[in-house]
Amino acid sequence: MAETRSTCCYCGVGCGVIIEHRDGHITGVRGDPDHPANFGRLCTKGSTLHLTATPATHAVRALYPELRTDRAAKRERVGWDDALDHVADRFAAIIREHGPDSVAFYLSGQFLTEDYYVYNKLAKGLLGTNNLDTNSRLCMSSAVAGYKQTLGADAPPACYDDIPATHCLFISGSNTAFAHPIVYRRIEDARAANPAMKMIVVDPRRTDTAEQADLHLPLLPGTDIALYNAMLHVMLWEGWVKDDYIAAHTEGFDALRKLVRAYTPDMAAGICGLRKQDIETAAEWFATSPATLSMYCQGLNQSTHGTHNNAALINLHLATQQIGRPGAGPFSLTGQPNAMGGREVGGLANLISAHRDMANPEHRAEVAALWGVPSVPDKPGYSAVELFRAINDGKVKAVWIACTNPAQSMPDQTMIHAALQKAELVVVQEAFGHTETARYADVLLPATTWGEKTGTVTNSERRVTRVRSAVPAPGEARHDWQIGVDFARRLGQRLGDLCNGTLAEKLFPYTHEEQVWNEHRESTRGRDLDITGLSYRMLEEQGPQQWPFPEGAAQGKVRLYDDGVFPTKSGKAQFVATEHRPTAEEVNARFPLRLTTGRLRDQWHGMSRTGLTARLYAHEGEPLLHLNPADIERRGMKDGELARVKSRRGDIVIKVMATDTVRPGQAFLPMHWGANAMSGFGINTLTVPDFDPYSKQPELKHAAVQVEKYKATQHMVALGVPGDNALATLEALRPALAALPQGSLTLAGRDRPVVVLRAEADQLSTELLEQVDAALALDDDTQVLSYRDQRRDIGKRARLDGDKLAAVRLTGETRAAGWLQNMVISEDSATEARKWLLAPLSEPPGGAQARGKVVCNCFDVSETDILAGFKGGESLEQVQGRLKCGTNCGSCIPELKRLAASCKV
């Protein structure tokens, strides 16, 4: 067995991993103990990465180029030359007729830096269009704009080493325990080492992170600025601001001082739905702590005033000098593995290379000179929402989508799907051919993915890591940067003098990714992110390094602005006077509930990868609307029943889950579920496309909705172990899911995936049932147990392999679905239960207890087993010692603590 060092491909923590592989196949993964981001730890998602790279995943991998010339036809396999020649011909024809701004690229924070650089140069250098944006627009663009408005550059000043050094941790708009579990492990370690450390969590929900806080501020969605302004009001009143620092190192404080006079704690308490005393306490802890570190993410960013949310929080750091010192500073948590690297190369529609300003003619001239082109365009291109609106309006004719899934992740999915249908040409460059966006591809280009790619990424703390490939690419998949170079050369030949006055071969001479990176490195010379002192060899021999790391330096800079000098024209940081503004959509009598969105612990983004791993569904196995019990009762519903959730853009039907983690009048939906896993277009059918005027980041975090009981007369649960490949069975059942008014299609189990289809409808057609039975091998009457009550419209079928229950389909009456699913997963003998398999029993026969949801995915420990230990008098340590839960990745520790506390009440 061989081993290769690389990084995880999920969140922006940038965890190092060691990939185990043999004979060209990945066999395992473990945390890299030498990587400074995680020191060997991995979360549930990272520790199961190898399960997404098995031969079984080839059922959904994009392995060969595919092409169709008729939108109504099925794509056919073609060679790379045919595919890229076709795309080059179409792009060239569209550009000649409509100009370079009639085409666009939509990329991903999962690109490596080298990939990003090639496509940025392709669009802005070769074609002369800034129509290149990425899904980082949905994630980090407000953090970028907030840093630039206040500190002068998109450079997080803090680092992970500040966590154990801080005395007050201020987490705002982030469920860190779920979204960045390895960072949260470091927080737990720091709090254990320093019990005096205070932790404040600002979040509308009582999340796992909020539950562990010394002070939880459950503010109303979208009221962050009012809170921060009120905290600054208190700091001024109490004399906690640092006047000397403000005078020497900042500008604009007088205007902010004047503005926050009106933001008394009483006023803000009314706006935010908080207690006045809690606002005052938060202000005191923040300002008077020897060191305060803030961490924040999408709760601040995904807002129509996300830039000012960020700026208002940074204002507090500047006013109290909580910046540039160990344990102090504003620290944005990046959502994707290389969103930072993409920003470094200018990979957004309003950016150019190395943090240069597109509006600055000198900066544009520097990039043009580096690339050897006459000029780069000065007009910002279409940002993400604008881009798909432009496609829908016919302004953009051709779109190239790479390594991202806008048909799941963008807001207002009805518009997104309409735009993709209207586009003259949709090119999708993907590792996985089963994504919702891939269905719209006229050309599908197979790309490499985790374990196969090579290059660099930059994590949240500005640390550059070398990524190495462990196994060869499957099929005919190519590296993303190679696809871009090949296409650029072909397109340049067709456009000739329209290619910005130069030859594509000259612009794209690369034969190896290191050549790309070296050019990117040179673009940073003299800039705030200077990495001219780094090289591939150094990163390989000395490990990951933080920037800036200029030529001649001995090491990178751990934290920024310790000298009080900022990359602004004056060298001083800028206070931004920010007024509270409401969310894009306010609730009213028609849409009375505030819907927020967020993450599940064990899923990531659109689930194109995590959705391939059965065990990652164990913690929350289907789409659920989290709703306060009072709101459920008010609507005449019960926990587990169906509801129709409607916004101004569309509606979905989904099961409700009663929880007091959301306040009355609010609701929560995990953002991961799309058309691959549920009926309709998914959760983002509901979300808001309105965006921040500075960052252009849409308000994905909040929408006004109505929720009403949904009545269905027919119910179905179908589940089983397919004969060949669970992922292929999912693909076979997705057309059935699309035809249902309500349904979910997921996996269950652990080492042996079980496909689970749940559905509710007024009528389940015979054709649908036949399709389901065929997919689960329940269609042979001689091989299955069956029951049919035509009068009550009840039908049941079960298949056994030997004495093991292998598949079940229940329609009309589904009470036994839970324990039957557990029996399929456990592979226990069904001999004793055989006569009860089709009976209407809600509990397993023989008095056995239902297992309950899995809390610890690492060791497959259920909530039932954990609660039994606590109720039996065991301590948390004793339960962990016996069951091992929480002793590996630690992602379940907050939940274990909550369960322990519930048994003490």
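The structure this text deals with has already been given above.
Attention in this report is confined to the structure presented alongside it. Nothing here was measured: the structure is a model prediction, and the numbers come from that model.

## Structural notes on empty space enclosed by the protein
The rolling of a water-molecule-sized probe over the atoms marks out the regions of remaining empty space. In this structure the tally under the stated criterion is 5 cavities of 30 Å³ or more. Of the pockets and cavities examined, the second largest cavity occupies roughly 150 Å³. Together, 18 residues line the second largest cavity, and His434, Met607, Tyr617, Asn676 and Arg734 are the ones closest to its centre. When residues in the lining of the second largest cavity are grouped by element, the largest group, 3 residues, is from helix H26 (residues 726–738).

## Here we look at the sheet that holds strand S33 (residues 794–801)
The strand order S30-S31-S29-S34-S33-S32 describes an open sheet built from 6 strands, whose pairing is antiparallel. Each edge of the sheet is formed by a strand with only one pairing partner; in this case those strands are strand S30 (742–748) and strand S32 (784–789). Each adjacent strand pair in this sheet contributes to an overall mean axis angle of 10°, direction not counted. Relative to S33, S32 runs antiparallel, the two being bridged by 6 bridges. Bridging from a neighbouring strand, Leu785 pairs with Ala798 of S33. Its contacts with the sheet place helix H27 (residues 766–775) against strand S29 (714–720), strand S31 (754–761), S33 and strand S34 (804–811), and it is angled at close to 170° to S34.

## Looking at the packing of helix H3 (residues 113–127) against helix H21 (residues 480–495)
For the pair H3 and H21, the least separation of the axes is 8 Å and the interaxial angle reads 15°. Compared by their axis directions, H3 and H21 come out roughly parallel. The way H3 lies across H21 gives a crossing that is left-handed. Note on element contacts: H21 touches H3 through Asp480, Trp481, Ile483, Gly484, Val485, Phe487, Ala488, Leu491 and Leu495, opposite Glu114, Asp115, Val118, Tyr119, Leu122, Leu126 and Leu127.

## Thoughts on the nonpolar core
Of all hydrophobic cores here, the largest spans 64 residues; its most connected members are Leu151, Leu227, Tyr228, Met231, Leu232 and Met235. Per element, the largest residue contribution to this core is 9 residues, and it comes from helix H9 (residues 224–238). Residues within four places of Leu232 in sequence aside, it is in contact with Val241, Phe253, Leu256, Val260, Leu316 and Ala319.

## Some remarks on the environment of Thr223
Here Thr223 is to be found in the loop between strand S10 (215–217) and H9. Put simply, Thr223 and Ile271 are 48 residues apart on the chain and 6.8 Å apart in space, counted from C-alpha to C-alpha. Residues within four places of Thr223 in sequence aside, it is in contact with Ile271, Cys272 and His580. A polar atom in the side chain of Thr223 sits 2.7 Å from the backbone oxygen of Leu220.

## Brief notes about the pairing of strand S2 (residues 16–22)
Counting buried residues in S2 gives 6 out of 7 residues, a clear majority hidden from the surface. Looking at chain direction, strand S1 (residues 2–7) and S2 are connected through 6 bridges and run antiparallel. What sits directly across from Glu3, in S2, is Glu20. Pairing analysis gives 6 bridges linking S2 to strand S3 (residues 25–31), with the strands arranged antiparallel. In the strand pairing of S3, Ile19 is matched with Val29.

Cut-offs and rules
- Residues numbered from 1 in each chain as written.
- Predicted model: local features only at pLDDT ≥ 70, side-chain atom pairs only at ≥ 80, totals over all residues.
- Heavy atoms only, no water.
- 1 Å grid on protein atoms, 1.4 Å probe; cavity = no way out; pocket = protein on both sides within 12 Å on 5 of 7 lines; lining within 4 Å.
- Points joined across faces, edges and corners; volume = space filled by probe spheres on them.
- Helix = DSSP H or I, 4+ residues; strand = E, 2+ residues; numbered from the N terminus.
- Pairing = 2+ DSSP bridges.
- Axes fitted to C-alpha atoms, helices over the stretch in contact; angles between N-to-C directions.
- Contact = heavy atoms within 4.5 Å.
- Parallel < 35°, antiparallel > 145°, perpendicular 65-115°, else oblique.
- Left-handed = near helix turned anticlockwise from the far one by under 90°.
- Core = buried A, V, L, I, M, F, W, Y, C linked by side-chain atoms within 4.5 Å.
- Buried < 20%, exposed > 50% of the residue type's maximum accessible area, 1.4 Å probe, protein only.
- Polar contact = N/O pair within 3.5 Å; in protein donor to acceptor, adjacent residues only side chain to side chain.

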